[in-house]
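# Structural characterization, general
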Amino acid sequence: MKLFELIGKYFILMSKVFSRPEKFYIYRRRIFDEMDALGFNSIGIVAIVSVFMGAVITLQMAINLESPFIPKSLIGYATRESMFLEFSSTVVALILAGKVGSNIASEIGTMRITEQIDALEIMGVNSASYLILPKIVSMVFFFPFLTIFSMAVGIFGGYLISIATGILNPESYLDGLWYDFRPYSITYSLIKAAVFGFLITSISGFYGYFARGNSLEVGRASTKAVVVSSIFILIFNLILTQLFLI
Amino acid sequence: MIRTEHLVKSFDGRVVLDDINAEFDKGKTNLIIGQSGSGKTVLLKSIVGLFPIDSGKIYYNDICYTDLNFKERKEIRKDIGMIFQGGALLDSSTVEENVRLPLDLFSTMTPAEKLDRVNFCLDRVNLHDANRLYPSELSGGMVKRVAIARAIVLNPKYLFCDEPNSGLDPMTSVVIDNLIKEITEEYQITTIINTHDMNSVMEIGEKIIFIHDGKKWWEGTKHDIMQSNNKELNDFVFASAMAKRAKMNAETCEKRA
Ligand SMILES: Nc1ncnc2c1ncn2[C@@H]1O[C@H](COP(=O)(O)OP(=O)(O)OP(=O)(O)O)[C@@H](O)[C@H]1O
Ligand SMILES: [Mg+2]
């Protein structure tokens, strides 16, 4: 019963978030601010994680496919597929759920307990929309770019490791990258990224917005935000894969 | 003028406000006093509509606020300024942006006019050269003053102050109290102030409502309060040294007379 109540509350909040904004230009400015705070600030962590993952996948493949019957180019192919299909959207989303999700929930939660949200409401501002909508919009638009960026950096990581270790020759790695290349897998990944961006921001916004009490509660809200967004990312990953790839 | 009729508010079955009938006058500083936890903040937030009430009516100049829908309430909210217990400035905005936000949202002014208005209000609360500072860089008294500036920037008809001088030194408290009183009289605002500070009561208590145990226990002016025989009120009032001295002075004057 509690679950249904929670889901109902979430959808009521979303209907408030997506009601017509008061003054559009204020929202536009807030969206750019949020892109900076949530998106640009995540480029670093995405780059680091992706370059290492690309390198490790390449290394793993090279070690495990040590057979004269398997062409070396398959390693590049496998790296590309792993990055494109799962890593750059789903795993990066899980990492961002931790970074961006906890950030959003604690920011909005603190605003709640220090009465900043009440202050907005008194001014006649739709606080849910004012605070959460710019975050959702900026992440839904920006996350696909982070995904593409992660793909590029990951592939580059694989290339670097192939040069650095000499475990395979860089030319066959590059050959493999183009083997059986379907642009559709990029489209699929970008759709997933946009959906995950929405899930992270809206779920974290929800937990922050309904935080009560003191700093302990804000901490709890931000933990919940991360856990629940991660679970929903995994569930939607399954659903979207079923929908788009089969 | 603001009036509450039989206002009842409870949380999870625990009654916090019980049958509050009160009237708050225009152009006056109306005070709500009471112990910590007596329900002052809840009363204030119920009146402005941040808490839904269980039963009763709230009138703003004969408009029944409780009967209005969300959109109609929004119209009235544009006439409401509120100063929260902790200031409630937006942490991610500068002082100037904080004060300007209501203008950005609801006025048709040009940027230059807005800046003029913001500076006028900041000037009014004696804050100079603070436009670019963030709330974390302000002292407690400055936060309160910015909150006042933000509350008055749209020329409100109703001003609500939740303990505007809690946590401030006595001198700054007096400055803030007098500032609110001046603004109230100057613009003929209906002002309601929550406080448990007896200094403020004696300074600006034109109309005082004492809340005890969730009920309206006593009502009067700062002149009545020293003569009252209400036990709970006296316990509350004379807990403060300043008030004790005032009472003693009054008694010695009576004896001499
Ligand atoms: N959101 C809430 N949920 C449940 N109970 C609440 C809530 N807000 C206030 N209360 C309860 O209502 C009572 C009155 O609280 P209120 O904040 O109005 O006190 P106050 O008079 O403003 O005290 P103070 O002077 O310390 O600010 C308290 O017992 C408090 O526990
Ligand atoms: Mg209070």
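Everything in this summary refers to the structure shown in the same document. Just so you know, these numbers come straight off a predicted model, no measurement behind them.

## Structural notes on the pairing of strand β7 (residues 158-162) of chain B
Residues and elements named next belong to chain B.
- Of all 5 residues making up β7, 5 are buried, and the element is well covered by its neighbours.
- Every second residue of β7 is oriented toward a common face, with Y158, F160 and D162 on one face and L159 and C161 on the other, all of them buried.
- Note: strand β6 (residues 80-83) against β7, 4 bridges, orientation parallel. Paired with G81 across the strands is L159, a residue of β7.
- Inspection of the sheet shows β7 paired to strand β8 (residues 190-195) by 5 bridges, in the parallel sense. The residue of β8 that forms the bridge with D162 is N194.
- Crossover connection from β7 via helix α6 (residues 170-187) to parallel β8: handedness right-handed.

## So, unusual backbone geometry
Residue and element names in this part refer to chain B.
- At D129, a residue that is not glycine, the phi angle is positive and equals roughly 55°.
- Here D129 lies in the loop between α4 (111-124) and α5 (140-152).
- Of note in this structure, E163 is not a glycine but carries a positive phi near 45°.
- With a relative accessible area of 6%, E163 lands in the buried category.

## Section: the interface of chain A and chain B
- Listed per partner, the contact involves 18 residues of chain A and 23 residues of chain B.
- Between chain A and chain B, roughly 1900 Å² of surface is buried when both sides are summed, and carbon and sulfur atoms account for 60% of that area.
- Interface area lost by chain A to chain B is led by E115, I122 and M123 of chain A, which between them contribute 35%.
- In this assembly, chain A and chain B are joined by 3 salt bridges.
- For D118 of chain A, the salt bridge identified is with K45 of chain B, shortest N-O distance 3.2 Å.
- Between chain A and chain B we count 5 residue pairs in polar contact (both at pLDDT 80 or more) in total.
- Of all the elements in the fold, those that place two or more residues in the side of chain A that touches chain B are α2 (24-39) and α5 (116-122) of chain A.

Cut-off values and rules
Residues numbered from 1 in each chain as written. Chains lettered and ligands numbered in written order. Predicted model: local features only at pLDDT ≥ 70, side-chain atom pairs only at ≥ 80, totals over all residues. Heavy atoms only, no water. Buried < 20%, exposed > 50% of the residue type's maximum accessible area, 1.4 Å probe, protein only. Helix = DSSP H or I, 4+ residues; strand = E, 2+ residues; numbered from the N terminus. Pairing = 2+ DSSP bridges. Right-handed = clockwise from strand over helix to strand, strands pointing away. Contact = heavy atoms within 4.5 Å. Buried area = accessible area lost by both parts, 1.4 Å probe. Salt bridge = Lys/Arg side-chain N within 4 Å of Asp/Glu carboxyl O. Polar contact = N/O pair within 3.5 Å; in protein donor to acceptor, adjacent residues only side chain to side chain.

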